[in-house]
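# Structural overview
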Amino acid sequence: MVVSFKYWDDCVEVSDLKEMWKEVEVNNEWIDAGETKGQKVHLSRDPDGQPYLTQTEMRAVASIVVRRHFGRQVDPDMICAIADLESDRQLLAVRYDKKTKETTVGIMQLTRKTAVWLFSEMGYRVYDVEQNPDLLFRPLVSVYFGAAYLIWLSHFQEKERTEEFVIRAYRRGTKKATHKSTLPYWKSYLSVKETLPSRKFLDDGPSPANAPPHPFLPTSGNKGTEYWDQKTSPEDMDEMWSHHDVAKEWTRSGEKRGKVRFSHDSKKRSYLSRVELKAVAEIILSKHFSTKGVKPTYLCALAEMVSMRFVNGVSPRIGLMGIDYSTAFWIYMELGYRGYKIECEEDLTKPFVSMYFGAAYLAYLSEYEGRERTPQFVVQAYLEGPKNVNLQETGPSWLKFEQALSNYDVTKNKIQGTCTIL
């Protein structure tokens, strides 16, 4: 039987579709796309014509399934990140593993054997995949069994398992949960999870007041208000005030020369607005990398991914660009980028310093080992290190990069497959 979906109505029950419409972000997204309540809702399609879920839709599906069936037993963000990694959220995704000789299907990329086992032996009987295994191509069904499997893995052999064990075991089975072959997958998972819509923020604050605690975000507040002038040289502050968009934003916010406040989220964590971030990138590139052709929007997109624009970074990464001290010091000493001194790790929490070494590292990666590198290589190498690049698994990172890039001029900066980072 060939499975094919054109509309949401083809792959969910009427009650499920009503639940989707009740999700505020889905409602807004669908209406903006021209959908109408009471009529069939079109599925999004990629350039190859394959139906997929947007991140907003994916989040809603995960939330609905968890809320209905699993309570607090599983994190919807875990489900969303796995769906990104496993299938790029494609409903009809099918993958054959030559090593295991098994085929995985659907958004959560489960084998039919695993789903039937969960149904028949583990008591997850909401959907009868034993009689109709093609149900696994339906989004809520796939997520239901994916969540059930995650819960089982979290208590494997009656032991409380770590998130890392669960994720790596999901990829290759429990025997490979601590094997080196699944470590890159875990790192990719962390990167994807950090950039999910539920983690993202608008320019009025990176995390809403009612957001759940996040183990990878800085948890302590700042010691009093932090100011741009404390972390930026007078020359760079003059450049910021000379930037039209920044001056307009700061003036509107009531800032005064000599004491410009950083924006703060509800937990008093300092962050840059997108206007400020883009200005820092433009100033750094014009002063230090004018002959390199690095695009400021690319630096901004990477900053979105690695730090969520937090001044101090997102643990374990430091600063806006997530460059660690040893890498920055090596860039300074060995590659000769001496535009800013770096004497301690704290220097990397300065926006201009972090941006400078981020741009330098990007330039280095674009010609890694003396070869001109593809954008996909550069992005993955920046996020995970050049030794960990696997271009066969670059999809989620690349998609996240494109999504982050769209925040900085969707019309001019849409990446094509033939362009370069530099």
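Residues numbered from 1 in each chain as written. Predicted model: local features only at pLDDT ≥ 70, side-chain atom pairs only at ≥ 80, totals over all residues. Heavy atoms only, no water.

Next up on the list: the overall build of the protein. Scanning the protein from N- to C-terminus turns up 16 helices and 7 strands. Long-range contacts, defined here as pairs at least 24 residues apart, represent 60% of the contacts in the protein between residues at least 6 apart. Accessible surface, the protein as shown: approximately 20600 Å² in total, 49% of it carbon and sulfur. (Helix = DSSP H or I, 4+ residues; strand = E, 2+ residues; numbered from the N terminus. Contact = heavy atoms within 4.5 Å. Areas by Shrake-Rupley, 256 points an atom, 1.4 Å probe, with all protein chains shown as cover.)

Attention now goes to the packing of aromatic side chains. Evaluation of the coordinates by the stated rule reveals 28 aromatic pairs. An angle of 45° between the planes, with centres 6.2 Å apart, marks the rings of F70 and Y124 as tilted. On the criterion of sequence distance, the pair formed by F70 in the loop between α3 (55-69) and α4 (76-87) and Y124 in the loop between α5 (112-120) and α6 (139-154) is long-range, its members being 54 residues apart. Across the pair, Y124 and F70 agree in class, each one buried. Linked through ring pairs, W117, Y149, W152, F156, F165 and Y170 together constitute an aromatic cluster. In this structure, R161 packs its charged tip against the face of F165, placed 4.5 Å from the ring centre. Here R338 stacks its cationic end above the ring of Y332, 4.6 Å away from the centre of that ring. (Phe/Tyr/Trp six-rings, centres within 6.5 Å; stacked < 30°, edge-to-face > 60°. Buried < 20%, exposed > 50% of the residue type's maximum accessible area, 1.4 Å probe, protein only. Lys NZ or Arg CZ within 6 Å of the ring centre and 35° of its normal.)

Moving on to the pairing of strand β3 (residues 94-97). Taken together, the 4 bridges between β3 and strand β4 (residues 102-105) define a ladder with antiparallel strand orientation. When the sheet's bridge partners are listed, Y96 is paired in β4 with T103. (Pairing = 2+ DSSP bridges.)

With that settled, the discussion passes to the nonpolar core. Inside soluble globular proteins, nonpolar side chains tend to come together where they are buried. With 67 residues, the main nonpolar core has W8, F70, I79, I82 and F145 as its most contacted residues. At the level of elements, α1 (14-22), α2 (24-32), α3, α4, α5, α6, α7 (163-172) and α8 (183-194) are the ones that each hand at least two residues to this core. In terms of residue count, the dominant contributor to this core is α6 (11 residues). Apart from residues lying up to four places away in sequence, F145 is in contact with L110, A115, L118, F119, Y124, Y127, V129 and L136. Counting 63 residues, the second largest nonpolar core, distinct from the first, contains M240, C300, A303 and L365. (Core = buried A, V, L, I, M, F, W, Y, C linked by side-chain atoms within 4.5 Å.)

Let's shift gears to the sheet that holds strand β5 (residues 110-111). With antiparallel pairing, 3 strands are arranged side by side in an open sheet as β3-β4-β5. Among the strands making up the open sheet, the edge pair consists of β3 and β5.

The hairpin formed by β3 and β4 contains 4 residues between the paired strands, and K101 there has a positive phi angle of roughly 60°. Hairpin connection, β4 to β5: the antiparallel pair is bridged by 4 residues, and G106 has positive phi, about 80°.

Let's shift gears to the environment of M308. Tracing the chain through its elements places M308 in the loop between α12 (296-307) and α13 (325-334). Note on M308: relative accessible area 5%, which makes it buried.

Quick look at the side chain of D16 now. When you line up the elements, D16 lands in helix α1. Ignoring anything within four residues of it in the chain, the contact list for D16 reads R68 and L140.

The next subject is the pattern of salt bridges. Per the stated rule, a full pass over the model turns up 22 salt bridges. Across the salt bridge formed by E86 and R171, the nearest N and O atoms sit 3.4 Å from each other. Note that E86 is positioned in helix α4 and R171 in helix α7, a separation of 85 residues in sequence. In this structure, K350 engages D347 in a salt bridge whose closest nitrogen and oxygen atoms are separated by 3.4 Å. Owing to a relative accessible area of 11%, D347 belongs among the buried residues under this scheme. Taken together, the salt bridges that share partners define one network made up of E19, K22, E23 and R67. (Salt bridge = Lys/Arg side-chain N within 4 Å of Asp/Glu carboxyl O.)

A word on the environment of K37. If you trace the backbone, K37 turns up in the loop between α2 and β1 (44-45). If near-sequence neighbours (up to four positions away) are discounted, K37 is found in contact with W21 and N27.

What follows concerns α5. T114, A115, L118 and F119 are the residues of α5 that are buried. One face of α5 carries all of its buried residues, which in axial projection span an arc of 135°. The elements touched by buried residues of α5 are β5 and α6. (Arc of directions from axis to C-beta.)

Glancing now at the confidence of the model for the protein. The share of residues in the protein with pLDDT of 70 or more is 88%, and the mean pLDDT across the chain is 85. Predicted confidence in the protein is weakest over helix α16 (residues 395-405), with a mean pLDDT of 77, and strongest over α6, with 97. (pLDDT = per-residue confidence, 0-100.)

Residues T327, A328, I331 and Y332 constitute the buried set of α13. All buried residues of α13 project into a common sector of 135° when viewed along the axis, lining one side. Exposed side of α13, more than 90 degrees from the buried face: S326 and E334 are the residues found there. On its buried face, α13 is in contact with α14 (351-366). Backbone geometry just after α13 places G336 at a positive phi near 80°.

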